[in-house]
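Each chain, letter by letter, is given below.
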Amino acid sequence: MQTLITILFMGIVGAIIGGITNSIAIKMLFRPYEAKYIGNWRLPFTPGLIPKRRDELAKQMGQLVINHLLTPEVIQQKLTDPKIYDSLHQILVKKVVEFFQSEKTLNEWLEHIGMMNHDGKMEDKLYILLNKQMTHWINEHNDQLLQELIPETIWKKLDKNVNKISKYLLINVKQFLVSPSGYHLIKHHFDQFFEGRGRLLNMLHPFLDNRNMIERLQQELVKIIENDQTEKAVTQVLQSELDRVKSWTVEEGVQKLLGKEGKDLIWEELKKFFFHKPLKSFPLTDLKNTIINQMIPTVVQKGMEKLGSTYIEKWMKKLEIPELVKNQVDSFSTEQLEEIVVGISRRELKMITYLGAYLGGLIGILQGFIVILMG
């Protein structure tokens, strides 16, 4: 019985020593956090292993990241992942759709992206740019005929539609004449005709049936408009004017169509149209579809390929990742490092402590047997 107690006692003592030893060894990885001195003599094993070699640890972690974890090859491989491509494609499509369906005006979008249009300065700059380009173009084509400058297909369409335009004009004139507004206009001119025409006509005017005469005058005017000769005459006039426009030079066209203030008036209207209307009101469906179906897939694919093959390694060198990791590790306190490491491997560290106790107990039992045998 005494022999068994001795063996068990030595096993328990060995287990306690083994467990405590391993626990102290684990603690000594971090503690003490600072060197301890007796006078000028620094106590051995102070500070702990990690605090003592944290500079080397930080450098090694930086090299580990750049050489084995976050390499250019790894990033390039990740950029070719279809999930990344699809995700980026969906984000860009969503942004484009939001832009074209937005209630915001162009001015508001410019402000949203940080391009503030203070006091119309951006509009003024755009006007100066467009005006400069327009002036340069006009000066370059000053003596060129509009018939030569504008494509022949456009002139053919205009020539073909002259008859339709004359019919359209006559129909609208007829509708105006038979309308209440047309009636009042004819009556107004009818009354003016008798004013200042002498006493005799002024005396007869009250006795005339104005309404009947005005209605008959309306009917006669409508007959004139409906006459084929009238349509031919209007068509000839329009065709003649169109032929005259063809013979204008660019300089003549600008002067007659725009005038001195014409460009400014056109710009004011364009400015109202482009800068102060919601983007969703613009007829840009074709442009939106082109961007979504053609431009975005091409840009994403080419951009990812170019990014991976050309810029990743350069950017990683410029980022100086090893130095970045080292500085970040250096910014941690020793307590934080201990918390990070212990938090990750808490279970494994406990198992090391238990293993020390287990091995210490076995060694203690073995020593007990040896003592008994030798005794």
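None of these values were measured; they are calculated from a predicted model.

*Asks:* So what exactly am I meant to see when it comes to the overall build of the protein chain here?
*Replies:* For the protein chain, the count of helices and strands is 18 helices and two strands. In the protein chain, which comprises 375 residues, the proportion classed as buried is 25%. Restricting to contacts in the protein chain with at least 6 residues of sequence separation, those with at least 24 account for 73%. A total of about 27,700 Å² of accessible surface is found on the protein chain, and carbon and sulfur atoms cover 62% of it.

*Asks:* Quick question: what am I supposed to make of the packing of helix α9 (residues 152-177) against helix α13 (residues 228-246) here?
*Replies:* A pair of packed helices is characterised by two quantities: the angle between their axes and the separation of those axes. In contact at an axis separation of 9 Å, α9 and α13 are set at 140 degrees when each is read in the N-to-C sense. Classified by chirality, the crossing of α13 by α9 is right-handed. Side by side, α9 and α13 meet where W155, L158, D159, V162, N163, I165, S166, K167, L169 and L170 of the first sit next to T230, E231, V234, T235, L238, Q239, L242, V245 and K246 of the second. Taken together, the residues of the contact of α9 with α13 sort by class into 10 nonpolar, five polar and four charged.

*Asks:* Please explain a nonpolar patch on the surface as it appears in this structure.
*Replies:* A surface patch of nonpolar side chains, about 640 Å² in accessible area, is lined by L4, L8, I12, I16, I20, I24 and M28. Positionally, I24 belongs in helix α1 (residues 2-27).

*Asks:* Looking at this structure, how should I read the environment of K246?
*Replies:* By secondary structure assignment, the location of K246 is in helix α13. Sequence separation between K246 and I150 is 96 residues, and the spatial gap between their C-alpha atoms is 9.0 Å. When sequence neighbours within four positions are dropped, the list of residues in contact with K246 reads L145, L146, Q147, W155 and D159. A polar contact of 2.9 Å, which involves the side chain of K246, links it to the side chain of D159.

*Asks:* Please explain the packing of aromatic side chains as it appears in this structure.
*Replies:* Each aromatic ring pair is characterised by the separation of its centres together with the angle its planes make. Scanning all chains against the criterion turns up one aromatic pair. Residues F99 and F100 carry aromatic rings whose centres are separated by 5.3 Å and whose planes lie at 85 degrees to one another, so their mutual orientation is edge-to-face. On the accessibility criterion, F99 (28% relative accessible area) is partly exposed.

*Asks:* Before we go on, may I ask you to explain the UniProt feature "transmembrane region" (unreviewed entry) in the protein chain in this structure?
*Replies:* On the UniProt side, "transmembrane region" (unreviewed entry) is annotated at positions that read residues 6-26 and 355-374 here. In residues 6-26, helix accounts for 100% and strand for 0%; the two terminal C-alpha atoms are 30 Å from one another. Across residues 355-374, the secondary structure splits into 100% helix and 0% strand, with the terminal C-alpha atoms separated by 28 Å.

*Asks:* Explain α1 here, please?
*Replies:* One turn of the α-helix equals 3.6 residues, which is why residues spaced by three or four share an orientation. In a regular helix each residue adds 1.5 Å, so 26 residues correspond to 38 Å; α1 covers 37 Å between its end C-alpha atoms and thus fits that length. The complete set of buried residues in α1 reads I7, G11, G14, G18, G19 and I26.

*Asks:* It is not clear to me how the nonpolar core should be interpreted in this structure. Could you clarify?
*Replies:* As a rule of thumb, nonpolar side chains are buried together in soluble globular proteins. Formed by 23 residues in total, the largest nonpolar core has its most connected members in V96, I291, I296, M316, I321, V325 and V329. Counting only elements with at least two residues in this core, the list comes to α3 (54-69), α5 (82-100), α16 (285-319), α17 (321-331) and α18 (334-374). With seven residues, α16 is the single largest residue contributor to this core. Excluding its chain neighbours within four sequence positions, the residues that come into contact with V325 are M61, G62 and V65.

*Asks:* I tried to follow the pattern of salt bridges on my own but got confused; where do I start?
*Replies:* A side chain with one charge can pair with a side chain of the opposite charge if their charged atoms come near. If you walk through the whole model with that rule in mind, you get seven salt bridges. With its nearest N and O atoms 2.5 Å apart, the salt bridge here joins K174 to E226. Remark: E226 occurs in helix α12 (residues 210-226) and K174 occurs in helix α9; sequence separation between them is 52 residues. Residue K174 is classed as partly exposed on the basis of its relative accessible area of 30%. Note that R244 and E241 form a salt bridge whose closest N and O atoms lie 2.5 Å from each other. With a gap of three residues between them, R244 and E241 both fall in helix α13, about one helical turn apart. Judged by relative accessible area, which is 37%, E241 ranks as partly exposed. What emerges from the salt-bridge pattern is a single network uniting D159, D243 and K246.

*Asks:* Even after reading the chapter, I still don't get the packing of α1 against α18, so can you show me in this structure?
*Replies:* Packing of α1 against α18 leaves a shortest axis separation of 6 Å and a crossing angle of 150 degrees. The handedness of the crossing between α1 and α18 comes out as right-handed. Residues of the contact of α1 with α18, tallied by class, amount to 11 nonpolar, 14 polar and no charged.

*Asks:* What should I look at first to understand the layout of surface pockets in this one?
*Replies:* To find leftover empty space, a probe the size of one water molecule is rolled over the atoms. If you add up the space inside the largest pocket, you get close to 240 Å³. Forming the boundary of the largest pocket are S23, I26, K27, F30, R31, E338, V342, R346, L349, K350 and T353. Across the lining of the largest pocket, the residue classes break down as four nonpolar, two polar and five charged.

*Asks:* What should I look at first to understand the confidence of the model for the protein chain in this one?
*Replies:* Reading predicted coordinates in detail is not appropriate for stretches of low pLDDT. Averaged over the protein chain, the pLDDT score is 77; the fraction of residues at 70 or greater is 83%. When the elements of the protein chain are averaged for pLDDT, helix α11 (residues 199-204) gives the smallest value, 48, and α13 the largest, 89.

*Asks:* Looking at this model, I keep getting lost on the environment of T230. Mind explaining?
*Replies:* Looking at the secondary structure, you find T230 in helix α13. Exposure remark for T230: the relative accessible area of 19% places this residue in the buried category. Separated by 60 residues in sequence, T230 and L170 place their C-alpha atoms 8.8 Å apart. Aside from chain neighbours lying at most four places away, what touches T230 is L170, I224 and I225.

Quick notes on the rules
Residues numbered from 1 in each chain as written. Predicted model: local features only at pLDDT ≥ 70, side-chain atom pairs only at ≥ 80, totals over all residues. Heavy atoms only, no water. Helix = DSSP H or I, 4+ residues; strand = E, 2+ residues; numbered from the N terminus. Buried < 20%, exposed > 50% of the residue type's maximum accessible area, 1.4 Å probe, protein only. Contact = heavy atoms within 4.5 Å. Areas by Shrake-Rupley, 256 points an atom, 1.4 Å probe, with all protein chains shown as cover. Axes fitted to C-alpha atoms, helices over the stretch in contact; angles between N-to-C directions. Left-handed = near helix turned anticlockwise from the far one by under 90°. Nonpolar A, V, L, I, M, F, W, Y, C, P; charged D, E, K, R; others polar. Patch = residues over 30% accessible without salt bridge, like charges linked within 9 Å, V, L, I, M, F, W, Y side chains within 5 Å. Salt bridge = Lys/Arg side-chain N within 4 Å of Asp/Glu carboxyl O. Polar contact = N/O pair within 3.5 Å; in protein donor to acceptor, adjacent residues only side chain to side chain. Phe/Tyr/Trp six-rings, centres within 6.5 Å; stacked < 30°, edge-to-face > 60°. UniProt positions renumbered as here; feature names shortened; annotations may be inferred. Expected span 1.5 Å × (residues − 1). Core = buried A, V, L, I, M, F, W, Y, C linked by side-chain atoms within 4.5 Å. 1 Å grid on protein atoms, 1.4 Å probe; cavity = no way out; pocket = protein on both sides within 12 Å on 5 of 7 lines; lining within 4 Å. Points joined across faces, edges and corners; volume = space filled by probe spheres on them. pLDDT = per-residue confidence, 0-100.

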